Amino acid sequence: TTPDNINLKEYIYIGPNNKFYGTGKIYIEENVIIGNDVTILTTNHNYEGELIPYDSVAINKDVTIHENVWIASNCLILPGVEIGEGAILAGGSVLTKNIPPCEIWGGNPAKFIKKRNIEKYSKLKNEKKQYLNYKWSDKIR
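All values reported here derive from a predicted model rather than from experimental measurement.

What counts, and at which threshold
Residues numbered from 1 in each chain as written. Predicted model: local features only at pLDDT ≥ 70, side-chain atom pairs only at ≥ 80, totals over all residues. Heavy atoms only, no water. Helix = DSSP H or I, 4+ residues; strand = E, 2+ residues; numbered from the N terminus. Buried < 20%, exposed > 50% of the residue type's maximum accessible area, 1.4 Å probe, protein only. Areas by Shrake-Rupley, 256 points an atom, 1.4 Å probe, with all protein chains shown as cover. Lys, Arg positive; Asp, Glu negative; His and termini not counted. Charge placed at Lys NZ, Arg CZ, Asp CG, Glu CD. Patch = residues over 30% accessible without salt bridge, like charges linked within 9 Å, V, L, I, M, F, W, Y side chains within 5 Å. Salt bridge = Lys/Arg side-chain N within 4 Å of Asp/Glu carboxyl O. Polar contact = N/O pair within 3.5 Å; in protein donor to acceptor, adjacent residues only side chain to side chain. Contact = heavy atoms within 4.5 Å. Pairing = 2+ DSSP bridges. Disulfide = S-S within 2.5 Å.

*Asks:* It is not clear to me how the overall build of the protein should be interpreted in this structure. Could you clarify?
*Replies:* Counting its secondary structure elements, the protein contains two helices and 16 strands. Each of the 141 residues in the protein was classed as buried or not, and the buried ones make up 36%. For the protein, the exposed area adds up to about 8,500 Å²; of that, 53% sits on carbon and sulfur atoms. Both charge centroids of the protein, one from 17 positive and one from 16 negative side chains, sit 10 Å from each other.

*Asks:* Help me out: how do you make sense of a nonpolar patch on the surface in this one?
*Replies:* A cluster of nonpolar residues, Tyr11, Tyr13 and Trp136, forms a patch on the protein surface that exposes about 300 Å² of accessible area. Within the secondary structure layout, Tyr11 lies in the loop between β1 (6-8) and β2 (12-14). Looking at Tyr11, the relative accessible area reads 33%, which means it is partly exposed.

*Asks:* Help me out: how do you make sense of helix α1 (residues 118-126) in this one?
*Replies:* Because each turn of an α-helix spans 3.6 residues, side chains separated by three or four positions in sequence point in the same direction. The backbone nitrogen of Glu119 has a side-chain oxygen 3.1 Å away, supplied by the residue at the start of α1, namely Asn117. Within two residues after α1, Lys128 carries a phi angle of roughly 55°, on the positive side.

*Asks:* Looking at this structure, how should I read the side chain of Asn18?
*Replies:* Residue placement: Asn18 occurs in the loop between β2 and β3 (19-21). Residues in contact with Asn18, not counting those within four places in the same chain, are Ile34, Gly35, Asn36, Asp37 and Val38.

*Asks:* Looking at this structure, I do not really get the side chain of Thr39. What am I missing?
*Replies:* Mapped onto the elements, Thr39 comes out in strand β6 (residues 39-41). Every residue in contact with Thr39, bar those within four places of it in the chain, is listed here: Lys19, Tyr21, Cys75, Leu76 and Ile77.

*Asks:* In this structure, what is going on with the pairing of strand β15 (residues 103-107)? I would like to understand it.
*Replies:* Along a regular strand, successive side chains alternate from one face of the sheet to the other. Of all five residues in β15, four are buried, a share of seventy percent or more. Where strand β13 (residues 88-89) lies against β15, two bridges are found, and the strand directions are parallel. Within β15, the residue paired with Leu89 across the bridge is Trp105. The sheet contact formed by β15 and strand β16 (residues 110-115) spans five bridges and is antiparallel. By the bridge assignment for β16, Gly107 is matched with Ala110. Counting the residues in the hairpin turn of β15 and β16 gives two residues.

*Asks:* Sorry, what's going on with the sheet that holds strand β4 (residues 26-28) here?
*Replies:* Hydrogen bonds between backbone atoms are what pair the strands of a sheet, whose relative direction is either parallel or antiparallel. The strand order across the open sheet formed by four strands is β1-β4-β9-β12, and the pairing between neighbours is parallel. Looking at the sheet topology across the chains shown, the edges are occupied by β1 and β12 (82-83). Across three bridges, the pairing between β4 and strand β9 (residues 63-65) is parallel. Each bridged residue has a counterpart across the sheet, and for Ile28 the counterpart in β9 is Ile65.

*Asks:* Explanation requested: the state of the cysteines in the structure shown.
*Replies:* Structurally, a disulfide amounts to a covalent bond that connects the sulfur atoms of two cysteines. Applying the stated rule across the entire model yields zero disulfides. Summary of cysteine pairing: Cys75 is not part of a disulfide, and the nearest cysteine sulfur, belonging to Cys102, is at 18 Å. Owing to a relative accessible area of 6%, Cys102 belongs among the buried residues under this scheme.

Structure representation (structure tokens):
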């Protein structure tokens, strides 16, 4: 992945040892926290081509991470995935499909665990109480 393929908004934390592979694009909206050792893939091999196990065709699928998402450490995110606003991906998860907004997913493959408290989430968002905004503005330390 080249820097041209990564689109970042404000107030994003990307932890150490993360790997972004592929030639598809990665979109990361504001106030996203990505823990350490997370891998995001945007390209897959073409296994339905004229060679086995795959041919030389690269299949690119963009990854989108919406605002206020937390991706815990040691996750693998596969090409074409969209993570909805306010979602959480538990540590060590392998994400193979989209996460709807404000849902918590985990496991291998990642599955729905529970929903966030939408009323509380909306209240905190409307009050602009995002962790990175507070941390980096000296409101908390």
